[in-house]
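Close look at the chain arrangement
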Amino acid sequence: MKNRIMNKLRSKAGASITFALLLFLVCAVLCSVIVAAASAAAGRMSKIVQSEETYYAVTSAAEMMKKMLDGKTVSIVKVTRTEYDTPYTNGNPGAATQAAAPTEYYYLIADENPSDVLVNHTFKSGTSDDSFLVDSVVIDTIPKDAAKHIKDETSLTTRELKITSSYNFSPKPGYDVLAVTVNENLDYSDGKIKLTLYNTYKSDGSVNTGTSGYTMLLEFGADKIITNSTRTEEISSTTTGNNTYTIRSEKTDIEIKSYTWHLTAGRASL
């Protein structure tokens, strides 16, 4: 009996199935660990991709805004024309009197410094300068729009601008993953422009109110230069009697307020 038990213990019969079951158990545990790790890594990767999309969308929009504003100059030109009549007797001038009420005109001229403005423009009606009149000029850039508000003495508070893309791989219809919203603030008293940029949509495709995603704040300060110039020219002469005549002249006073914007601050947050 004793020998039979010892022989049974020493026997190798049936060992292969036990080893196979043990190996299967080890493989199952390892597979579970690998699958769990892969799932976690996939989740992290999807979040990284999403985070990079939101980051690059906002930073690309910020770079575009910088190119549109940084170093750009717009001049607000105020032209005041006043006519005077000066009587002459035997060639000697008398006291000049104002012939009519002064007339004022405003112009917006971009990308020219004050000296160039005075050289390149005559500010006479019926000339090409009329295209720069404040009510005629095309407001097609943020600096021009800012100059118009400064001239009108009106500020901007969180005016909303939209930047969209043609990206076609969004997770749901109508969800532009690269879309960015820009809130613009302008203080007309000093010309400072503040832009807040953030992702238009949240990760689930719902509209973002600026509380999630990536956000950047850009501030552009305005350097102001004021230049004044006066021009006077004779426009007509009328004979009033023997050795007497009157000369009408026009005095043109030109005031140029030039604003140049520069990026003065920028910060980001998640």
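See the structure above.
Now for a description of the structure that goes with this document. In this text the structure is predicted, and so the values were computed from the model without any measurement.

A separate point is unusual backbone geometry. Glycine aside, residues mostly have negative phi angles, and peptide bonds mostly take the trans form. The backbone of aspartate 111 sits at a positive phi, close to 65 degrees, despite the residue not being glycine. With respect to the helices, strands and loops of the structure, aspartate 111 is situated in the loop between strand S4 (103-110) and helix H3 (114-120). Among the residues examined, aspartate 111 registers a relative accessible area of 61% and is labelled exposed. Of note, the phi angle at threonine 158 is positive, near 45 degrees, even though the residue is not glycine.

Summarising burial for strand S6 (residues 180-187): 6 of the 8 residues are buried, a large majority. Where S6 lies against strand S7 (residues 192-199), 8 bridges are found, and the strand directions are antiparallel. For valine 180, the partnering residue across the bridge sits in S7 and is asparagine 199. Hairpin connection between S6 and S7: a loop of 4 residues separates the two successive antiparallel strands, and glycine 191 in this loop has a positive phi of roughly 80 degrees.

Here we take up the side chain of lysine 144. By the element assignment, lysine 144 lies in helix H4 (residues 142-152). Those residues in contact with lysine 144, other than ones at most four positions away along the chain, are Val74, Leu108, Ala110, Val138 and Ile139.

Right, let's get into the packing of aromatic side chains. Counted under the stated rule, the structure contains 5 aromatic pairs. Their ring planes at 75 degrees and their centres at 5.0 Å tell us that tyrosine 55 and tyrosine 56 sit as a pair that is edge-to-face. Measuring from ring centre to ring centre gives 5.1 Å for tyrosine 88 and tyrosine 245, while their planes differ by 0 degrees; the resulting arrangement is stacked. In this pair, tyrosine 88 sits in strand S1 (residues 73-89) while tyrosine 245 sits in strand S9 (residues 244-269), placing the two residues 157 residues apart along the sequence. The class of tyrosine 245 is partly exposed, set by a relative accessible area of 26%. Three or more aromatic residues joined by ring pairs form one cluster here, namely Tyr55, Tyr56 and Tyr214. Positioned above the aromatic ring of tyrosine 105, the side-chain terminus of arginine 81 is 4.4 Å from the ring centre. Taking the ring centre of tyrosine 106 as reference, the NZ or CZ of lysine 151 above it sits at 4.7 Å.

Cut-offs and rules
Residues numbered from 1 in each chain as written. Predicted model: local features only at pLDDT ≥ 70, side-chain atom pairs only at ≥ 80, totals over all residues. Heavy atoms only, no water. Helix = DSSP H or I, 4+ residues; strand = E, 2+ residues; numbered from the N terminus. Buried < 20%, exposed > 50% of the residue type's maximum accessible area, 1.4 Å probe, protein only. Pairing = 2+ DSSP bridges. Contact = heavy atoms within 4.5 Å. Phe/Tyr/Trp six-rings, centres within 6.5 Å; stacked < 30°, edge-to-face > 60°. Lys NZ or Arg CZ within 6 Å of the ring centre and 35° of its normal.

Fair warning: the whole summary comes from geometry, so function is off the table for now.
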